Amino acid sequence: MTISFDCPHCGTQMQVLDRYAGQTGPCAVCAKTITIPLGTAAEASQGHSRTSTKRVPEENSGVGLGTLIGILGGSVALFSVIFLTVVLIFRVAIPAANQMRTDSLNRASLDKIERITQALNAYHDLHGSYPPAYFTDNKGKPNHSWRVMILPQLDRNDLYKIYNFNEPWNSPVNIQVTTRMPDVYRSEIDQSANSTITNFAAVVGKKTMFPHEKSTTRSQVFDNPNSVLMIVEVHGLGFDWTDPSQNYDLDSPQGTMVIDNNRSSTTANQSMLTGNLGVMSGDTYHADDSTSVLLLQSMATRNGSEDVGYEIDILQQP
């Protein structure tokens, strides 16, 4: 015998074996607590007439209470597994994937910084000094950038020969060179193939390797070449690669040397560093957000006699 009844909560019609009459458990549909009504025989003996029953074959009888509870328990377990999987994706898998992408971008930037510092050293080998941060016109105004001066050392004689040093960097003829920026100056921050923007800057300042319009030589460097900063990668929108006025100037209020490793940060500006650094020896380092500003300022000087050897060893490469 079976008992037919409707769930008082969701209205779903159900059939259960009459041996479950009077038992309580969760509805298989809405999971709210229900009590199986008494069958016809039981109602007669107790003076009730709530639910009529009809004979159906035993093998076609409705869902038993135990089955209802089992279905509900299985659903809860399934949803628990799905929930935990989603949590793991958001807490572990996605951050790990983002970190791998960030490490890849940093590695690509460090490779380019290494090529730039090698070109600067090759320029010194040829000319006996490093190029100044910029050359000036007869009025002392920045006219040509160090990035243009090392084009031959970057195997871009084609651009160097076109560039006219008798005209300012933004003259019509020199703008043609600007629009053909070598890939080595293209930071991974800017993925535009036709961009003229770079985020690689020389560390400029009176005590640095680039004392503004003056050039330096290796003989003027008393600090360890493995710790003397030359090139950094800056956040922000960047600047035209041939613009001689754009560098990371420690003598300006913006030269704070604060690091923000988050490449997608919307608050990081050009006064902040990505943590990718190139030193005089040609080595590269990636400094994290916790890197001391004092350490970076010490690394920026060419003859400050600061002992930063141990701290340099802590800096990592991705």
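Remember, predicted model here, so these are calculated numbers, not experimental data.

Calculation criteria
- Residues numbered from 1 in each chain as written.
- Predicted model: local features only at pLDDT ≥ 70, side-chain atom pairs only at ≥ 80, totals over all residues.
- Heavy atoms only, no water.
- Helix = DSSP H or I, 4+ residues; strand = E, 2+ residues; numbered from the N terminus.
- Buried < 20%, exposed > 50% of the residue type's maximum accessible area, 1.4 Å probe, protein only.
- Contact = heavy atoms within 4.5 Å.
- Areas by Shrake-Rupley, 256 points an atom, 1.4 Å probe, with all protein chains shown as cover.
- Pairing = 2+ DSSP bridges.
- Polar contact = N/O pair within 3.5 Å; in protein donor to acceptor, adjacent residues only side chain to side chain.
- Core = buried A, V, L, I, M, F, W, Y, C linked by side-chain atoms within 4.5 Å.
- Phe/Tyr/Trp six-rings, centres within 6.5 Å; stacked < 30°, edge-to-face > 60°.
- Salt bridge = Lys/Arg side-chain N within 4 Å of Asp/Glu carboxyl O.
- pLDDT = per-residue confidence, 0-100.

A. Representation of the overall build of the protein chain within the structure. The helix and strand inventory of the protein chain stands at seven helices and 14 strands. Counting across all 318 residues of the protein chain, residues that qualify as buried make up 42%. Sequence separation of at least 24 residues holds for 63% of the intrachain contacts in the protein chain that already meet a minimum separation of 6. For the protein chain, the exposed area adds up to about 16,500 Å²; of that, 53% sits on carbon and sulfur atoms.

B. A look at the pairing of strand β8 (residues 200-204). Counting buried residues in β8 gives five out of five residues, a clear majority hidden from the surface. One ladder, built from three bridges, connects β8 with strand β9 (residues 229-234); its direction is antiparallel. Note that in β9 the partner of A201 across the bridge is V232. Strand direction decides the pairing type here: β8 and strand β11 (residues 248-249), joined by two bridges, are parallel. Bridge pairing in β11 places V204 opposite D249.

C. Summary view of unusual backbone geometry. The phi angle at H212 is positive, at roughly 60 degrees, despite the residue not being glycine. Looking at the secondary structure, you find H212 in the loop between β8 and β9.

D. Examining the pairing of strand β2 (residues 13-17) more closely. In terms of strand pairing, strand β1 (residues 2-6) meets β2 through five bridges, oriented antiparallel. Of the residues in β2, the one forming a bridge with I3 is V16. Counted along the chain from β1 to the antiparallel partner β2, the turn is six residues long, and its residue G11 has a positive phi close to 80 degrees.

E. How the structure looks around the environment of Q270. With respect to the helices and strands, the residue Q270 is situated in the loop between β12 (258-259) and β13 (272-279). Under the relative-accessibility criterion, Q270 is labelled partly exposed at 29%. Sequence separation between Q270 and Q254 is 16 residues, and the spatial gap between their C-alpha atoms is 8.4 Å. When near neighbours in sequence (up to four residues on either side) are disregarded, Q270 contacts V234, H235, G236, G238, F239, Q246 and Y248. At 3.2 Å, the side chain of Q270 and the side chain of Q246 are in polar contact.

F. Layout of the side chain of D243. For D243, the position within the fold is in the loop between β10 (239-240) and β11. Polar side-chain contacts of D243 include one of 2.8 Å to the side chain of S245. Residues contacting D243, with those up to four places away along its chain left out, are S145, R147 and W169.

G. Representation of the nonpolar core within the structure. Judged by nonpolar contacts, the single largest core of 32 residues is most densely connected at I116, L120, I150, Y185 and I231. For this core, the secondary structure elements donating two or more residues are α2 (65-127), α3 (146-149), β8 and β9. The residues touching I116, leaving out its near neighbours within four places in the chain, are W146, I150, V184, Y185, F200 and I231. Membership of the second largest hydrophobic core comes to 20 residues, among which are V232, F239, L296 and L315.

H. The packing of aromatic side chains, seen in detail. Under the criterion given, the structure shown has five aromatic pairs. Centre to centre, the rings of Y185 and W241 are 5.4 Å apart; their planes meet at 25 degrees, and the pair counts as stacked. Residue Y185 is found in the loop between α5 (172-178) and β7 (197-198), and its partner W241 is found in the loop between β10 and β11; the two are separated by 56 residues along the sequence. Just as Y185 is buried, W241 falls in that class too.

I. Representation of the pattern of salt bridges. Under the definition given, this model contains seven salt bridges. For K112, the salt bridge identified is with D183, shortest N-O distance 3.5 Å. Residue K112 is found in helix α2, and its partner D183 is found in the loop between α5 and β7; the two are separated by 71 residues along the sequence. In the salt-bridge network here, residues are joined through shared partners; they are K112, D183 and R186.

J. A look at the confidence of the model for the protein chain. Averaged over all residues, the pLDDT of the protein chain is 82; the fraction at 70 or higher stands at 77%. Here helix α1 (residues 40-46) stands out as the least confident element of the protein chain, with mean pLDDT 47; α3 is the most confident, with 98. Low pLDDT, under 50, characterises residues 41-61; the predicted model gives this stretch 25 contacts beyond four residues in sequence or across chains.

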